[in-house]
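Working through the structure, step by step
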Amino acid sequence: MLAQRSDAGGEIASPLPQSVGYGIVVLFGLAFAFGMIGVTALLKRTTGEDNAKVETFMVANRRVRTGLIASAVVSSWLWSTALLSCVLVTYAYGISGAFWYAAGCSPMIVFFAYLGVICKKRIPEAHTILEIIRIRYGTTAHLSFTFLAVVNNLFNTVNMILGASAVISFLTGMHIMASTFLLPLGVVLYTLVGGIKATFLTDYLHTFVILILSCYLTLKALTSEQVGSLGGLYDLVVAAQENHNIDGNYKGSLLTMTSQQGIFFAIILLVSNFGAVIMDTGYFIKAFAASPRAVVPGYVIGGVSYFSVPWSLGTIMGMAALGLESSPIFPTYPRAMTSTEVTNGLALPYVAIAVAGKGGAVAVLLMTFMAVTSTLSAQIIAVSSIITFDVYRTYFNKNAGNKEVIRWSHIGVILFGSVSAGFTAMFHYVGIDMGWTLYMIGVVTCPGVVPVIFTILWRKQSTIAVVGSAFLGMATGLAVWLGTAYKFFGEVSVSSTGQTLPCMYGTVASALSPLLYTIVMSLIRPANYDWSDFKQEKLVVEVDSEDDKQVQTPGKTANNSVSISNSSEEPAEDDTHRRWTRYALFWSVATFLGHWVLWPLPMYAANYIFSKTFFVAWNAVSLIWLWLSLIVIGIYPIWDGRDQLLAVFNNLRLRGSRGD
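In this convention, every chain numbers its residues from 1, walking through the sequence in written order. Thresholds applied to this predicted model are a pLDDT of at least 70 for local features of residues and 80 or more for the giving and counting of side-chain atom pairs; totals over whole chains, interfaces and linings are not thresholded and use all residues. Note that the side-chain values use all heavy atoms of the structure and ignore hydrogens as well as water.

1. A look at unusual backbone geometry
The criterion, for reference: Counting from the N terminus, the helices are the DSSP runs of H or I reaching at least four residues and the strands are the DSSP runs of E reaching at least two.
The omega torsion across Tyr 333 and Pro 334 is 15 degrees, close enough to zero to call that bond cis. Assignment of secondary structure puts Pro 334 in the loop between α13 (295–324) and α14 (339–343). With a phi angle near 50 degrees, Asn 607 is a residue other than glycine that sits in the positive phi range. Within the secondary structure, Asn 607 is located in the loop between α23 (600–605) and α24 (612–640).

Structure follows, in structure tokens:
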């Protein structure tokens, strides 16, 4: 569990005025909204992309390329929570914390490449994973997993807004409720205008800015007068050791991978992130929006690039927070950070101010804003797609035309933005912070993971098994979580249920018990689903040339409909899909073994305390990786889309010469 310490501490003055906070949160959001209006109009004029059409608004006509997919994948994981928490766990557990945070995310990102390519092969016209569940299992399963998916998106959104609003409130003095409700405002506006393409474009811009600021902060920390170098940082951490003896670490050291609390956190994060990915329809939307050949390389490049951010930023800034906490330049001096400050994610802004002054405060403010708005956009478009395709178009108006579907997409965007802000406010006022949601989130997000994976991969999973295993898994996870909280701490409270062991046991029970339940139930009464039935469904929303409200009804494909691929091309496409499936499976296994098994576990067993030389090398590698990620994510999407950019430029030039 996180170290318990007194919450008695003086108020820390905000380094920036409130006007800066409102300017960033409101004006930047509006600027992105107007920017998306311009980009949307430009793309419609020059490339024919019209966000008044559902297939463009929701899945960008399924033509997004590798570069934008990679940047969107990184952005999907660069939550404000991730940036704040990688420093938090380093401060709490030592050098293992940041590494385990990175290793707990990258394998899931790459694994999704495998699921994504399978989905695109078996049901290429889908918009959400819930459509697939409805087609295979019917209404009861569909409604059940719609509920689970919305719960997942809601908890993820609340988690990121809690952390972001606390940091913005500290940095600028904004009332925390103002930041809680204003943060989603700009996101709702530009998502309304731009749809999924807006999400991809803002993902790219936001991720590029966050990577630049991560490089700035890490270098600023190392070159500051108080630190001086990687060797100087090591000396500061060694000096701070006497005030930070970590229970469960080898010899209590901050400089060891042998950390009991660290490995417990790693298990929580690894398992809960499967829920965060598999149960988040936003990841499936991005996979469906990608061109077939972009899914695997996009997710692999994104997963490998992402690893560097929490590892490098978390290690260097977390170690700097430990080393500088007793220095007069640290904002809380002469006291240590309170447990409330730690779990609210304030270690990063505090150390940024210590090494870079107001520049550090501005950098963290921008990073937090960029991270929360980009990931909020993905969450909002995901829930909007659920409301549109899985509720309205399925149960209320099966003949909904393009205009009706777009209208309900917009309603979904506004509705979820409002509801998520309201839930965040409620959580704040009952005493729940980012640290609590970070640890327990897997308990409620993981029960549907195995049933969803088997929906795509195992033809024998039955309807009763897919529904029963998910809800039995949730009941099992909740019972284990609350029961262990009472067993270990003598009470069921916000404090006890947010501790490491109850959250670890509850998360693992939620994720793994459905595996047993669904296998047993499916073997008793197995199904034998025919994968080809997926392709008999007509899911694309088409606009008729005579009446743009005319649309193909969800159901069996009409004889005169245009299929996704020509029959003469199917053998070649099957070969291509099989090849990409093998690549995806290889990289999924390789990433998990490399990042989570072969690299860290021998170090965990070694009982080794980092020497100065090893510490310098460790951080040098993380910095090189971070800078390479900046180059790949910042430059490659532009190169990958160079012909599209050139087409836009040429069309603008031609229109200009004609005076259009």
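2. Observations regarding the side chain of Thr 180
The cut-off we apply is this: In protein, a polar contact requires one atom able to donate a hydrogen and another able to accept it; more generally it is a pair of N or O atoms within 3.5 Å, and residues adjacent in sequence count only if both atoms are side-chain atoms. When checking whether two residues touch, look at their non-hydrogen atoms; a contact exists if any pair is within 4.5 Å.
With respect to the secondary-structure elements, Thr 180 resides in helix α9 (residues 176–223). Engagement of the side chain of Thr 180 in a polar contact is seen with the backbone oxygen of Ile 176, the distance being 2.7 Å. Sequence-distant contacts of Thr 180, defined by excluding residues within four places in its chain, comprise Ile 161, Ser 165, Ala 421, Thr 424 and Ala 425.

3. Re empty space enclosed by the protein
Heads up, the rule is: Using a grid of 1 Å spacing that covers the protein atoms alone, one calls a set of points a cavity when a 1.4 Å probe fits there but cannot get out, and a pocket when the set is open and has protein on both sides within 12 Å along at least five of seven lines; lining residues are those with an atom within 4 Å of a point. Grid points are joined across faces, edges and corners, and a volume is the space filled by probe spheres set on the points. By the convention adopted, Pro, Cys, Tyr, Trp, Phe, Met, Ile, Leu, Val and Ala count as nonpolar, Lys, Arg, Asp and Glu as charged, and the other residues, Gly among them, as polar.
Per the counting criterion, the structure on display carries five cavities of 30 Å³ or more. Of the voids in this model, the largest cavity is the one considered here, and its volume is about 150 Å³. As for the largest cavity, its lining consists of 16 residues, and the residues nearest its centre are Trp 79, Leu 269, Asn 273, Leu 438 and Ile 441. Here the lining of the largest cavity gets four residues from one element, more than from any other, and that element is helix α11 (residues 260–278). Across the lining of the largest cavity, the residue classes break down as 10 nonpolar, six polar and no charged.

4. A short note on helix α18 (residues 449–457)
Going by this rule: Only protein chains enter the accessibility calculation, which uses a 1.4 Å probe; a residue whose area is less than 20% of its type maximum is buried, one above 50% is exposed, and one in between is partly exposed.
The buried fraction of α18 amounts to eight of the nine residues, a majority that puts the element mostly inside the structure. Buried within α18 are the following residues: Val 449, Val 450, Pro 451, Val 452, Ile 453, Phe 454, Thr 455 and Ile 456.

5. Looking at the pattern of salt bridges
Convention followed: For this document, the term salt bridge refers to a Lys or Arg side-chain nitrogen within 4 Å of an Asp or Glu carboxyl oxygen.
Under the defined criterion, the tally for this structure stands at two salt bridges. Residue Lys 612 is joined to Asp 235 by a salt bridge in which the shortest nitrogen-to-oxygen separation is 3.1 Å. Of this pair, Lys 612 sits in helix α24 while Asp 235 sits in helix α10 (residues 230–240), and the two are 377 residues apart along the sequence. The exposure class assigned to Lys 612 is partly exposed, which follows from its relative accessible area of 36%. Since its relative accessible area comes to 40%, Asp 235 is described here as partly exposed.

6. A short note on the packing of aromatic side chains
Quick note on the threshold: For Phe, Tyr and Trp, rings pair up if their centres lie within 6.5 Å, where Trp contributes its six-membered ring, and each pair is then called stacked (planes under 30 degrees apart), edge-to-face (over 60) or tilted (otherwise).
For the coordinates displayed, the defined rule picks out 42 aromatic pairs. With centroids separated by 5.2 Å and ring planes inclined at 90 degrees, the aromatic side chains of Trp 311 and Trp 599 adopt a geometry described as edge-to-face. Taken as a pair, Trp 311 in helix α13 and Trp 599 in the loop between α22 (570–598) and α23 lie far apart in primary sequence, 288 residues in all. Under the relative-accessibility criterion, Trp 599 is labelled partly exposed at 26%. Here Trp 599 and Trp 625 contribute two aromatic rings whose centre-to-centre distance is 6.4 Å and whose plane-to-plane angle is 10 degrees, an arrangement assigned as stacked. Of this pair, Trp 599 sits in the loop between α22 and α23 while Trp 625 sits in helix α24; the two residues are 26 residues apart in sequence, bridging distant segments of the chain. Taken together, the ring pairs in this structure connect Phe 99, Trp 100, Phe 307, Trp 311, Phe 592, Trp 596, Trp 599, Tyr 608, Phe 610, Phe 614, Trp 618 and Trp 625 into an aromatic cluster.

7. Some words on the environment of Ser 495
Within the element layout of this structure, Ser 495 appears in helix α20 (residues 494–497). What makes Ser 495 partly exposed here is its relative accessible area of 42%. For the pair Ser 495 and Ile 432, spaced 63 residues apart in sequence, the C-alpha separation works out to 9.0 Å.

8. Brief notes about the packing of α10 against α24
Heads up, the rule is: Interaxial angle, 0 to 180 degrees, is taken between N-to-C directions of lines fitted to C-alpha atoms, where a helix line uses only the stretch in contact. An angle counts as roughly parallel when it lies under 35 degrees, as roughly antiparallel when it exceeds 145, as roughly perpendicular when it falls between 65 and 115, and as oblique in every other case. Throughout, a crossing is termed right-handed when the near helix is turned clockwise from the far one, and left-handed when it is turned anticlockwise from it by less than a right angle.
Running from N to C, α10 and α24 cross one another at 120 degrees; their axes reach a closest spacing of 9 Å. Here α24 runs oblique to α10, going by the angle between their axes. In the crossing of α10 with α24, the sense of the turn from one axis to the other is right-handed. Listed contacts from α24 to Leu 230, Gly 231, Leu 233, Tyr 234 and Asp 235 of α10 are Lys 612, Phe 615, Val 616, Asn 619 and Ala 620. Partitioning the contact of α10 with α24 into residue classes produces six nonpolar, two polar and two charged.

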